[in-house]
Amino acid sequence: MLSVQNINVYYDKIHALKDISFEVEQGELVAILGANGAGKTTTLRALSGLLKPTSGSIQYLGEDISKQEAHKIVSLGISHSPEGRQIFSRLSVYENLQIGAYIRKKSDNIHKEIEWIYSLFPVLKERESLPAGALSGGEQQMLAIGRALMSKPKLVLLDEPSLGLAPLLVEKIFEVIQTLKDNKITVLLVEQNAYEALKIADRAYVLETGRVKLHGEAKDLLANQEVQKAYLGG
Ligand code: ATP
């Protein structure tokens, strides 16, 4: 589905991604792990067209999207749930979800989609008329993921969905990500919580200072001593 080959991304003189390559197959849940500043967020921003690689290619369903505009990339079926959620706090939960459907034609029945999202996150239904800013951190994260799903994506990019959440909510968010996978949605998951991410991922790539340091099956990485030492507190 997605094949990234040797992309380089700069912020002015800072060389943030150095010849990054990775692949995601249809239906896979692939994790990108790494410490602060390793280049995880930059990778997702390059995929969704918010940053342009200076070289390399990003093939998505057979098309090079590395020079495409962000709105075009959304319309091709890639949806990004950004780090820090970025929900509209004064708008209601329902309105935030509606906004996620902005690329869809008016004639589309978005109500069905919203009901599906409420079935994944029943708490959002309970809160649908409240301003999003009144939700807890975990609920806001569910809303951010729900909003990303409103464009009916084929590939969902999730940036640090567990960041800043209490342990119980972290569990819940990973359950939700597992549900996406069970619903055959392809997920590229950026996480600092390497242990939880590796438990649900099929494969993972570990970034270090802008390069792919290691990659493999998630279960092999969980057992890998280098990964345990650096990222799993072992
Ligand atoms: P974090 O978990 O902290 O977001 P990350 O792995 O997602 O870390 P990136 O945010 O992708 O890392 O950052 C990669 C590199 O690019 C870092 O050296 C960072 O300082 C730099 N960087 C990120 N954003 C900018 C920016 N807007 N301007 C300049 N440099 C940046």
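A. Inspection of the side chain of Ser151 at higher detail. In this structure, Ser151 sits in the loop between helix H6 (137-149) and strand E7 (155-159). Within the structure, the side chain of Ser151 is placed 3.5 Å from the side chain of Ser79, a separation counted as a polar contact.

B. Seen up close, the site of the ligand. Contacts to the ligand come from 14 residues, most closely from Asn36, Gly37, Lys40, Thr41 and Thr42. Between the ligand and the protein, one listed contact pairs an oxygen atom with a backbone N or O atom of Gly37 at 2.7 Å. Measuring from an oxygen atom of the ligand, one finds a side-chain N or O atom of Glu160 at 3.3 Å. Protein contacts shield 63% of the accessible area of the ligand, which totals 620 Å² for the unbound molecule. Per element, the largest residue contribution to the shell around the ligand is three residues, and it comes from helix H1 (residues 40-47).

C. Local environment of the environment of Gly77. Considering the arrangement of structural elements, one finds Gly77 in the loop between helix H2 (70-75) and strand E6 (78-81). Looking at Gly77, the relative accessible area reads 7%, which means it is buried. Between the C-alpha atoms of Gly77 and Arg90, which are 13 residues apart in sequence, the distance is 27 Å. For Gly77, the contacting residues outside a window of four places in its chain are Tyr60, Pro153, Lys154 and Leu155.

D. Spatial organisation of the pairing of strand E8 (residues 186-191). Along E8, six of the six residues are buried, which leaves the element largely enclosed by surrounding structure. Judged from the five bridges that link them, strand E3 (residues 29-33) and E8 form a sheet pairing that is parallel. For Ala31, the partnering residue across the bridge sits in E8 and is Leu189. As judged from the five bridges shared by E7 and E8, these two strands associate in the parallel manner. Of the residues in E8, the one forming a bridge with Asp159 is Val190.

E. Seen up close, the side chain of Thr186. As for its placement among the helices and strands, Thr186 is situated in strand E8. A polar side-chain atom of Thr186 sits 2.8 Å from the main-chain amide nitrogen of Gly27. Leave out the neighbours within four places in its chain, and Thr186 touches Met1, Val24, Glu25, Gln26, Gly27, Glu28, Lys154, Leu155 and Val156.

F. Representation of the sheet that holds strand E2 (residues 14-24). Taken in spatial order, the four strands make up an open sheet running E2-E1-E4-E5, and their pairing is antiparallel. Two strands lie at the open edges of the sheet, namely E2 and strand E5 (63-64), each paired on one side alone. As paired strands, strand E1 (residues 2-11) and strand E4 (residues 55-60) are joined by five bridges and run antiparallel to one another. For Val4, the partnering residue across the bridge sits in E4 and is Ile58.

G. Representation of the packing of helix H3 (residues 93-100) against helix H4 (residues 110-120) in the model. Following both chains from N to C, one finds H3 and H4 inclined at 120 degrees, their axes separated by 11 Å at the closest point. Of the possible angle classes, the one that applies to H3 and H4 is oblique. Taken as a pair, H3 and H4 cross one another with a handedness that is right-handed. Two secondary-structure elements touch here, H3 through Tyr94, Leu97 and Gln98 and H4 through Ile110, His111, Ile114, Ile117 and Tyr118.

H. Expanded view of the packing of H3 against H6. Taken N-terminus to C-terminus, the directions of H3 and H6 make an angle of 35 degrees; their axes are 7 Å apart at the nearest point. Crossing angle aside, the handedness with which H3 passes H6 is right-handed. From H3, Val93, Asn96, Leu97 and Gly100 reach across to H6, where they touch Leu143, Gly146 and Arg147. Within the contact of H3 with H6, the residues separate by chemical class into three nonpolar, three polar and one charged.

Basis of the calculations
Residues numbered from 1 in each chain as written. Predicted model: local features only at pLDDT ≥ 70, side-chain atom pairs only at ≥ 80, totals over all residues. Heavy atoms only, no water. Helix = DSSP H or I, 4+ residues; strand = E, 2+ residues; numbered from the N terminus. Polar contact = N/O pair within 3.5 Å; in protein donor to acceptor, adjacent residues only side chain to side chain. Near = heavy atom within 4 Å. Areas by Shrake-Rupley, 256 points an atom, 1.4 Å probe, with all protein chains shown as cover. Buried < 20%, exposed > 50% of the residue type's maximum accessible area, 1.4 Å probe, protein only. Contact = heavy atoms within 4.5 Å. Pairing = 2+ DSSP bridges. Axes fitted to C-alpha atoms, helices over the stretch in contact; angles between N-to-C directions. Parallel < 35°, antiparallel > 145°, perpendicular 65-115°, else oblique. Left-handed = near helix turned anticlockwise from the far one by under 90°. Nonpolar A, V, L, I, M, F, W, Y, C, P; charged D, E, K, R; others polar.

So far we have only geometry, and geometry alone does not tell us how the molecule works.
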